[in-house]
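Chain residues, written in single-letter form:
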Amino acid sequence: MVESSFLARKTSQKSPYAKMHALVADEFENSRQSIRKMLVTLGVAHVDVMSTGKAVLEACRAKKYDLILCDFRLGGDKNGQQVLEELRESNSLKSDAIFVTISAETSRDVVMGIMESQPDEYLGKPFTQGVLEKRLHRLYSQSKALSKMKVLVSKGEYQTLVSLCKAHIDEEGRYSPWCKKALIDAYLALNRWQELEQLCNEELKIRDYDWAWLGLAKLSIAQKKWDEAIKHLEHVLQLFPQVIVAYDLLADCLKEKGKLNEAQDVLENALKISPRIHKRQRDMAVVSMENGDIQSALKASQHTLKLGMNSIHENPDDYIRLADVLSESVQSCENASEKKRMGNEALSTLGQVSKRYATDEKVKLRRTLAESRLYASQGSDSLRDKCLQSANKQMLENPSLEEPEIVLELGKSLYMAGKEDESQKLLSKLIDSRDIDPELRQLASDFLDEPVSTFDRAKAKDLNKTALESYAKRNYQEAVDIFKEALSFSSRHPGLNLNFVQSVLRLMEGSEKNARMVRECTEALSRLEHISVSHKQYKRYESLKNIVSQYEVK
Amino acid sequence: MSKGTTEKPFVSYPIFKEALPASVNDMKNSLSLVLQTLDVIHDNAADVDSHSLAMVQYEATRMQNTLTELQNFYLLEKDLLTIQMSESYVVDLVEEQVAANSTLWKTKNINVEVTGDEDLCAYVDASLVSSVINIGLVNASRYTRDQVQVRIEKEGHGVLVVIDDNGDGYPDFILEKFKKLLAGSEATETNAQTLAWCYCNAILDIHKNHEEKGRTGLSNASLLGGGRFEIYLP
């Protein structure tokens with residue numbers, strides 16, 4: 001039983017917060033002072049106040065605070081979300097420090113962004129002294145009770161964490177819900193799958209907890225059971241449409257299954273709820289680019305860059321990606337003034353990246369290469385070649401720049417400059433080299449398969465899908481015609497060429513040999529000479545080539 | 001005056017979608033400053049008319065709640081309301097809202113007691129459910145004589161929050177109106193009271209467990225002899 005005693009509580013009692021070091025950050029002087037005064041009244045002896053995100057970061061590096069009350073809106077370039085992300089990333093907070101984000105914002109974009117940066121607490125403005133007192137009391141008690149476990153989490157000592165959490169739950173401790181969630185992470189890290197599944201299922205018997213369904217989904221992901229994971233995640237989102245992490249996981253699973261269009265839809269829904277997350281916008285930019293949806297890719301690339309600025313996420317890749325998407329947009333755009341505007345935006349983006357990373361030689365080279373691609377898409381051949389020459393010079397002067405990542409970008413630039421042979425030689429060598437990152441190898445191989453604009457790629461992909469439907473209905477003539485049209489957009493695509501050959505072979509089955517058709521098959525196969533033994537279509541290529549050669553001699 | 005040219009009467013409106021939340025926020029901040037200042041007046045001036053002060057304070061608090069209702073209704077309708085479920089101790093939510101209105105209790109000389117099972121957890125959006133609890137408390141402050149009791153009890157699989165007062169209780173026509181509203185009939189007259197009830201119901205409607213939903217209740221079953229407002233969290 002509780003008797004509420006707050007009215008009687010005297011501030012003269014010795015405060016449990018007497019030894020606390022607190023930091024208050026807010027854009028406005030009167031807010032800072034009002035919160036500082038509240039803390040002093042509650043007995044917090046040391047309170048530092050500051051107005052900018054930069055000052056908070058510096059202060060936290062210099063001193064370990066016990067309590068930080070940080071408004072979302074701060075003076076200077078960084079907001080409260082960016083400050084917390086950076087503090088977590090740089091490990092500048094004690095594991096038992098209490099970080100409270102304060103905000104008067106009610107728009108979901110902002111509130112979700114703040115929540116995703118995972119403060120220990122979110123406190124809506126305005127609040128009274130009484131509310132702050134209650135909140136602080138609760139946070140302080142929790143922090144004290146969980147401090148050992150939080151240290152274990154930060155050190156990754158999950159074995160010990162499991163036993164502490166279990167003990168707390170057995171005692172029916174006040175923080176059992178926290179402990180159960182911590183157990184899920186610990187079991188995942190320790191590959192203790194059976195216990196994880198048991199915990200989640202037991203909790204789900206009591207009620208539909210989002211974290212328990214997520215636990216099951218994460219388990220399926222760890223076991224690479226994508227379909228099962230997708231099922232769990234869709235269920236979570238049906239019950240709780242604002243569990244944002246479920247969207248991200250679902251998009252990842254769909255990508256694993258090769259369902260890129262569906263992955264894009266899922267990310268789009270996630271961005272409707274919480275758009276102010278750098279990684280989500282970046283994922284959206286990448287997947288929509290692969291889907292040939294230039295408009296979405298452009299929007300997401302612009303957001304990615306904007307969110308990255310002044311944050312821990314800022315990265316040259318974001319600038320280069322945006323410039324590349326703009327170059328693609330220039331190519332597919334019909335409106336002259338729009339074309340010009342996008343060209344200018346690309347140039348200014350590249351100008352910015354050189355400025356931000358002025359001493360970075362690698363960035364300088366990447367910028368030059370991206371510039372050559374932009375000029376190529378604008379049809380400015382002499383500027384394009386000048387950039388390529390300059391890039392060559394930079395690489396000669398500094399051979400250490402020749403990293404796989406750069407080679408891939410150089411390959412693309414060469415291709416767009418009409419130097420297809422040179423590009424192919426370079427990229428084939430890259431693909432065959434032993435110690436290259438598999439993801440990069442895949443990117444290089446994908447580019448060689450389809451060195452065409454995003455627009456053409458998307459067109460070819462759509463047509464391929466339609467043709468496959470005709471093929472499934474055994475309407476082989478129609479399939480052949482549509483595959484042919486698709487090839488006019490993307491002539492080197494292995495899957496497409498092989499689909500074409502296979503349809504032609506079906507068409508010829510049971511009828512007489514058709515010399516023209518055989519010749520078309522031979523041509524299709526000759527367009528695939530770039531694929532190597534390690535290519536995923538290689539086996540199919542070999543077997544179809546075999547069949548076609550039998551027709552050739554007939 | 002400009003000569004000859006026909007001017008457009010308004011050059012551009014700020015988009016309502018942005019103007020509404022911004023102006024509501026602004027009003028809420030103003031009211032919060034008003035309330036803080038009243039607090040200072042109460043503490044420092046010996047000869048202040050505490051009855052009038054209490055009235056101003058009550059009305060300012062009510063305005064704040066109405067603005068919150070308006071804002072969240074708007075967001076709910078546009079499917080823009082932030083809903084984040086987490087396990088919360090119900091006693092924490094209640095005590096915080098009692099504390100949020102501490103000056104109101106002080107100036108109106110109301111004794112508030114929070115009792116019940118402090119270990120009861122509910123799976124809720126803490127901020128939304130807190131706003132419903134706050135409406136119940138401010139309402140009780142209006143109708144009570146000098147006592148408010150909040151009890152936290154286990155009911156079925158969920159938690160019941162009961163707010164009892166020792167006033168005269170609700171007149172029959174109000175209870176009738178509330179019943180009709182719960183039954184889903186359209187409110188014949190829309191006033192602040194029906195808005196508040198609709199709001200509470202809309203928020204509790206979001207809270208579900210398996211087949212059960214959250215709900216509110218209004219009656220004269222108060223153990224203190226007055227009115228009762230209750231909130232069921234599944």
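Named according to an unreviewed UniProt entry, chain B is histidine kinase originating from Marinomonas balearica.

For chain A, the name recorded in an unreviewed UniProt entry is CheY-like chemotaxis protein, with Marinomonas balearica as its organism.

(A) Quick peek at the pairing of strand β4 (residues 98-103) of chain A. Residue and element names in this part refer to chain A. With respect to burial, β4 is a largely interior element, 6 of its 6 residues being buried. Residue alternation in β4 divides its side chains into two sets, I98, V100 and I102 and F99, T101 and S103, and both sets are buried. In this view, the connection linking strand β3 (residues 67-71) to its parallel neighbour β4 by way of helix α3 (residues 80-89) has right-handed handedness. The parallel pair β4 and strand β5 (residues 121-124), bridged by helix α4 (residues 108-116), forms a crossover whose chirality is right-handed.

(B) Inspection of helix α9 (residues 210-222) of chain A at higher detail. Residue and element names in this part refer to chain A. Over its 13 residues, α9 runs 18 Å from end to end, which matches the ideal 18 Å to within 8%, given 1.5 Å per residue. Taking burial as the measure, the 13 residues of α9 include 10 buried ones, the bulk of the element. Burial in α9 covers these residues: D210, W211, A212, W213, L214, G215, L216, A217, L219 and S220. Two residues or fewer past α9, K224 is found with a positive phi of approximately 55°.

(C) Local environment of the interface of chain B and chain A. With 38 residues of chain B at the contact, the number on the chain A side is 33 residues. Regarding the contact of chain B and chain A, the summed buried area is about 3300 Å², with carbon and sulfur atoms giving 49% of it. The three residues of chain B that bury the most area against chain A are E87, E96 and Y123 of chain B, which together make up 20% of that side's buried surface. Taken together, chain B and chain A are joined by 5 salt bridges. Here D119 of chain B makes a salt bridge to R174 of chain A, at a shortest N to O gap of 3.1 Å. In this structure, the connection of chain B to chain A is made through 17 residue pairs in polar contact (both at pLDDT 80 or more). Those elements giving two or more residues to the side of chain B that touches chain A turn out to be α1 (16-44), α2 (50-77), β1 (86-89), α3 (90-100), α4 (102-107), β2 (111-116), β3 (121-124) and β6 (208-209) of chain B. Per element, the largest residue contribution to the side of chain B that touches chain A is 7 residues, and it comes from α3 of chain B. Of the residues contributing to the side of chain B that touches chain A, the split by class is 16 nonpolar, 12 polar and 10 charged.

(D) Just the pattern of salt bridges, in detail. Evaluation of the coordinates by the stated rule reveals 47 salt bridges over all chains. Of the charged contacts, one joins E86 of chain A and K78 of chain A as a salt bridge, the two residues approaching to 3.1 Å between their closest N and O atoms. For the pair shown, E86 of chain A and K78 of chain A are each scored as buried. D205 of chain B is the partner of K213 of chain B in a salt bridge, and the nearest nitrogen-oxygen pair spans 3.6 Å. Residue classification places D205 of chain B among the partly exposed residues on the basis of a relative accessible area of 37%. Residues joined by salt bridges that share partners form a network here, namely D317, K362, R366, E403, E405 and E409 of chain A.

(E) Highlighting the packing of helix α5 (residues 129-155) of chain A against α3 of chain B. Between α5 of chain A and α3 of chain B, whose axes approach to 7 Å, the crossing angle comes to 155°. With respect to α3 of chain B, the axis of α5 of chain A lies roughly antiparallel. Where α5 of chain A abuts α3 of chain B, its residues G130, V131, K134, R135 and R138 of chain A lie against D92, E95, E96, A99 and A100 of chain B. Class assignment of the residues belonging to the contact of α5 of chain A with α3 of chain B gives a composition of 3 nonpolar, 1 polar and 6 charged.

(F) Spatial organisation of the confidence of the model for chain A. Averaged over all residues, the pLDDT of chain A is 92; the fraction at 70 or higher stands at 97%. Taken as a whole, residues 1-12 of chain A scores under 50 in pLDDT and shows 19 contacts with residues more than four places along the chain or in a different chain.

(G) Inspection of unusual backbone geometry at higher detail. Across the junction of K125 of chain A and P126 of chain A, the peptide omega takes the value -5°, indicating a cis bond. Within the secondary structure layout, P126 of chain A lies in the loop between β5 and α5. A positive phi is found at R474 of chain A, a non-glycine position, where the angle reads about 60°. For R474 of chain A, a relative accessible area of 65% corresponds to the exposed category. The backbone of N109 of chain B sits at a positive phi, close to 55°, despite the residue not being glycine.

(H) Spotlight on the nonpolar core. Counting 56 residues, the largest nonpolar core has C165, I184, L196, L233, A246, Y247 and L250 of chain A as its most contacted members. When near neighbours in sequence (up to four residues on either side) are disregarded, A246 of chain A contacts L214, L233, V236 and L237 of chain A. Counting 52 residues, the second largest nonpolar core, distinct from the first, contains L67, V124, V132 and I231 of chain B.

(I) Examining the environment of D360 of chain A more closely. Residues and elements named next belong to chain A. Of note, D360 is situated in the loop between α16 (336-356) and α17 (361-378). With 44 residues separating them along the chain, D360 and P316 place their C-alpha atoms 10 Å apart. Within the structure, D360 has its side chain in polar contact with the backbone nitrogen of V363 (distance 3.2 Å).

(J) Quick peek at the domain arrangement of chain A. Residue and element names in this part refer to chain A. When its domains are assigned, chain A resolves into domain 1 (21-146), domain 2 (315-449) and domain 3 (454-553). Of note, the centres of domain 2 and domain 3, computed from C-alpha atoms alone, are 31 Å apart. For the pair domain 2 and domain 3, the summed buried surface comes to about 790 Å²; carbon and sulfur atoms form 35% of the total. There are 0 salt bridges connecting domain 2 and domain 3. One can count 6 residue pairs in polar contact (both at pLDDT 80 or more) joining domain 2 with domain 3. The set of elements that each furnish at least two residues to the side of domain 2 that touches domain 3 consists of α15 (316-332), α20 (420-432) and α21 (438-449). Sort the elements by how many residues they give to the side of domain 2 that touches domain 3 and α21 lands first, with 4 residues. Class assignment of the residues belonging to the side of domain 2 that touches domain 3 gives a composition of 2 nonpolar, 4 polar and 3 charged.

(K) Molecular detail of the sheet that holds strand β9 (residues 228-233) of chain B. All names here are of chain B. If you trace the 5 strands from one edge of the open sheet to the other, you get β2-β4-β5-β9-β8, paired in mixed fashion. Here the strands that pair on one side only, and so sit at the sheet edges, are β2 and β8 (215-219). If you compare each strand with its neighbour and ignore which way they point, the axes differ by 15° on average. As paired strands, β2 and strand β4 (residues 147-155) are joined by 6 bridges and run parallel to one another. Bridged to N111 within β4 is Q147. Against the sheet, α3 touches β2, β4, β5 (158-165) and β9, its axis set at about 175° to β2. Along the sheet face, helix α7 (residues 192-206) touches β8 and β9 and points at about 145° away from the line of β8.

(L) Quick look at the sheet that holds β5 of chain A. Residues and elements named next belong to chain A. Pairing within the open sheet is parallel, and its 5 strands lie in the order β2-β1-β3-β4-β5. Only two strands of the sheet have a single neighbouring strand rather than two, namely β2 (46-50) and β5. Neighbour-to-neighbour, the strand axes of this sheet turn through a mean angle of 20°, independent of strand direction. Across 4 bridges, strand β1 (residues 21-25) lies against β3 in parallel orientation. Looking at β3, one finds that A25 is bridged to C70. Against the sheet, helix α2 (residues 53-62) touches β1, β2 and β3, its axis set at about 165° to β1.

About the cut-offs
Residues numbered from 1 in each chain as written. Chains lettered and ligands numbered in written order. Predicted model: local features only at pLDDT ≥ 70, side-chain atom pairs only at ≥ 80, totals over all residues. Heavy atoms only, no water. Buried < 20%, exposed > 50% of the residue type's maximum accessible area, 1.4 Å probe, protein only. Helix = DSSP H or I, 4+ residues; strand = E, 2+ residues; numbered from the N terminus. Right-handed = clockwise from strand over helix to strand, strands pointing away. Expected span 1.5 Å × (residues − 1). Contact = heavy atoms within 4.5 Å. Buried area = accessible area lost by both parts, 1.4 Å probe. Salt bridge = Lys/Arg side-chain N within 4 Å of Asp/Glu carboxyl O. Polar contact = N/O pair within 3.5 Å; in protein donor to acceptor, adjacent residues only side chain to side chain. Nonpolar A, V, L, I, M, F, W, Y, C, P; charged D, E, K, R; others polar. Axes fitted to C-alpha atoms, helices over the stretch in contact; angles between N-to-C directions. Parallel < 35°, antiparallel > 145°, perpendicular 65-115°, else oblique. pLDDT = per-residue confidence, 0-100. Core = buried A, V, L, I, M, F, W, Y, C linked by side-chain atoms within 4.5 Å. Domains from an automatic or database assignment. Pairing = 2+ DSSP bridges.

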